[in-house]
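The lines below spell out each chain.
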Amino acid sequence: MNAARLPVDQIDAFAQRLDEATLKVKATPQLTLDHAFAVEDGYAIQRAGISLRKLRGDALVGMKMGLTSRAKMEQMGVHEPIYGHLTSKMILEDGGTVIHKDHVHPRVEPEVAYLLKRDLEGPVTPVQALAAVECCCCALELIDSRYKDFKFTLPDVVADNGSSSRFVLGSVRQPKDFDCGNLGMVMERNGVIAEIGSSAAIFDHPARSLAALANQLALVGEVLKAGMIVMTGGATAAIALSPGDHVRVRVDGLGSAELFVR
Ligand code: OOG
Ligand code: MG
C-alpha cells in the first residue's frame, strides 16, 4: 500500500486507542478504516504502544515473530511475517491460569521459542543466528486482537503488536545445537487433540524465523539483546479459548507447556 506517512500525533492517537481497547477489554474498529497507513507506520504505532506499557511499569523481555507459517497466514488472511514486542506482564508461568473476561476473544497457538545468550545483530543467516542462542523450548502464545471480530489488515495487526497478549514457555530447555527444524507438535484442548503440526511449518525452520527477525530489526537499527526471549510464530492455526479450557502443547524433545482458562 502506498499510503502517505502518518503525522506523529496521529500515531500517538492510534497507539492510545489500542492501549485503551486493551485496558478496557473492548474491541475497536480497525485503524485503517479511519486512515490508510503503511506498515512502517504500523510499527511506529506499535512502538508508541510499548512506550505506554513501559510507563505503567512493564518491561521489554523479548520479541515475537508472527504469521510465519502458512496455517497462520491462511487463518488470518495476511500473508507477510510480522514482528512484535514481548513484555514482562505478558509472561504466564507454565500451568498458569488466565481469566477469560480479561481478554476480548483469546486464542492460543503452539510455538517454539529461543532464549538468547548473546546480542544478535542482523543481517545474519539462520546458522549465524543460532550462534547467539542459549537454548530453545516449546511455548504457547495467547493472542487477543484488539480489533472487532479478530479481523485486520497487515498494517493494523502490526500496529496492534501482532495481537500479543500472554505467553507460556515450557520448562524443558534444549541447548542451541538441538535441531528444532522438524519436531512434531501436538496441541490438546481438554485432553482432545485440536491441532497437529511440525516446527518445520514455522518459516521452514524456527531458526529462519529468528534470523528474519534480526534482519527486519537491522533495517531500523535495532539489535536483539542477550537474555531476550524470541517466539518464532505459531506452527498451526490458533484455537479460540473458552472459560474452563485447559490447553497443552507437546513438542518432540521439548516437553510440554500448558495453561488453564477460568
Ligand atoms: C497475528 C499474530 C500472529 C503468529 O504466531 O503467527 C502470531 C494474529 O494471528 O492475530 O502471533
Ligand atoms: Mg504467535
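Residues numbered from 1 in each chain as written. Chains lettered and ligands numbered in written order. Predicted model: local features only at pLDDT ≥ 70, side-chain atom pairs only at ≥ 80, totals over all residues. Heavy atoms only, no water.

Chemist: How would you sum up helix 6 (residues 206-218)? Please name residues and give values.
Modeler: Between its terminal C-alpha atoms helix 6 stretches 19 Å, which fits the 18 Å expected from 13 residues at 1.5 Å a residue. Of all the positions in helix 6, only Pro206, Ala207, Ser209, Leu210, Ala211, Ala212, Leu213, Ala214 and Leu217 are classed as buried. (Helix = DSSP H or I, 4+ residues; strand = E, 2+ residues; numbered from the N terminus. Expected span 1.5 Å × (residues − 1). Buried < 20%, exposed > 50% of the residue type's maximum accessible area, 1.4 Å probe, protein only.)

Chemist: Describe empty space enclosed by the protein, listing the residues and the values that go with them.
Modeler: Considering all chains together, one arrives at two cavities of 30 Å³ or more under this definition. There is about 150 Å³ of room inside the largest cavity. Every element with two or more residues in the lining of the largest cavity is listed here: helix 1 (8-24) and helix 2 (39-55). The leading source of residues in the lining of the largest cavity is helix 2, at five residues. Looking at the lining of the largest cavity residue by residue, the classes come out as six nonpolar, five polar and four charged. Size it by volume and the second largest cavity reaches roughly 110 Å³. In this structure, the second largest cavity is lined by 18 residues; those nearest its centre are Lys64, Gly66, Leu67, Lys72 and Gly162. If you list the elements that add at least two residues to the lining of the second largest cavity, you get strand 1 (60-66), helix 3 (70-76), strand 5 (107-116) and strand 6 (133-143). The dominant element in the lining of the second largest cavity, judged by the number of residues it contributes, is strand 1, at three residues. Class assignment of the residues belonging to the lining of the second largest cavity gives a composition of eight nonpolar, five polar and five charged. (1 Å grid on protein atoms, 1.4 Å probe; cavity = no way out; pocket = protein on both sides within 12 Å on 5 of 7 lines; lining within 4 Å. Points joined across faces, edges and corners; volume = space filled by probe spheres on them. Nonpolar A, V, L, I, M, F, W, Y, C, P; charged D, E, K, R; others polar.)

Chemist: Describe in detail the layout of surface pockets, supporting the description with residues and values.
Modeler: Approximately 380 Å³ is the volume found for the largest pocket. Thr22, Arg53, Lys89, Ser165 and Arg166 are the residues nearest the centre of the largest pocket, which is lined by 19 residues in total. Where the lining of the largest pocket is concerned, the elements lending two or more residues are helix 1, strand 4 (96-98) and strand 7 (164-169). Here the lining of the largest pocket gets three residues from one element, more than from any other, and that element is strand 7. Split by residue class, the lining of the largest pocket holds six nonpolar, five polar and eight charged. Surrounding the second largest pocket, Arg5, Val39, Glu40, Tyr43, Arg47, Tyr83, Gln216, Leu219 and Val220 form its lining. Among the elements that take part in the lining of the second largest pocket, helix 2 stands out by supplying four residues, more than any other. Of the residues in the lining of the second largest pocket, the class split is five nonpolar, one polar and three charged.

Chemist: Describe the packing of aromatic side chains, with residues and values.
Modeler: One pass over the full model with this rule turns up three aromatic pairs. Judged by centre distance (6.4 Å) and plane angle (50°), the rings of Phe150 and Phe152 are tilted. Neither Phe150 nor Phe152 differs from the other in exposure class; each is buried. The aromatic ring of Phe150 is capped on one face by Arg107, whose charged end is 3.9 Å from the ring centroid. Note that Arg208 overlies the ring of Phe203, its terminal NZ or CZ placed 4.5 Å from the centroid. (Phe/Tyr/Trp six-rings, centres within 6.5 Å; stacked < 30°, edge-to-face > 60°. Lys NZ or Arg CZ within 6 Å of the ring centre and 35° of its normal.)

Chemist: Tell me what's going on with the coordination of the magnesium ion (ligand 2), and back it up with residues and numbers.
Modeler: Protein coordination at the magnesium ion (ligand 2) comes from Glu109 (OE), Glu111 (OE) and Glu141 (OE), with a distance range of 1.9 to 2.0 Å. Accessibility expressed as a relative area gives 0% for Glu111, which makes it buried. Since its relative accessible area comes to 1%, Glu141 is described here as buried. (Donors = N, O, S within 2.8 Å, 3.2 Å for Na, K, Ca; no water.)

Chemist: Break down the pattern of salt bridges for me, citing the residues and quoting the values.
Modeler: Under the definition given, this model contains 13 salt bridges. With its nearest N and O atoms 2.8 Å apart, the salt bridge here joins Asp41 to Arg5. Highlighted residues: Asp41 in helix 2 and Arg5 in the segment before helix 1, separated in sequence by 36 residues. Take Asp41: its relative accessible area is 0%, and that puts it in the buried class. As a salt-bridge pair, Arg17 and Asp34 come within 2.9 Å of each other at their nearest N and O atoms. A residue pair is termed long-range when its members are at least 10 positions apart, and Arg17 in helix 1 and Asp34 in the loop between helix 1 and helix 2 qualify at 17 residues. With a relative accessible area of 48%, Asp34 lands in the partly exposed category. (Salt bridge = Lys/Arg side-chain N within 4 Å of Asp/Glu carboxyl O.)

Chemist: Lay out the nonpolar core in plain terms, naming residues and giving numbers.
Modeler: In terms of nonpolar packing, the biggest core is built from 70 residues, with Ile45, Leu120, Leu210, Leu224 and Leu259 touching the most fellow members. At seven residues, helix 6 tops the list of elements feeding residues into this core. Excluding residues within four positions of it along the chain, Leu259 makes contact with Leu92, Gly96, Val108, Leu140, Leu142, Val168, Asp245, His246 and Val247. Core analysis: the second largest hydrophobic core is formed by 12 residues, Leu115, Cys135, Phe167 and Ile229 among them. (Core = buried A, V, L, I, M, F, W, Y, C linked by side-chain atoms within 4.5 Å. Contact = heavy atoms within 4.5 Å.)

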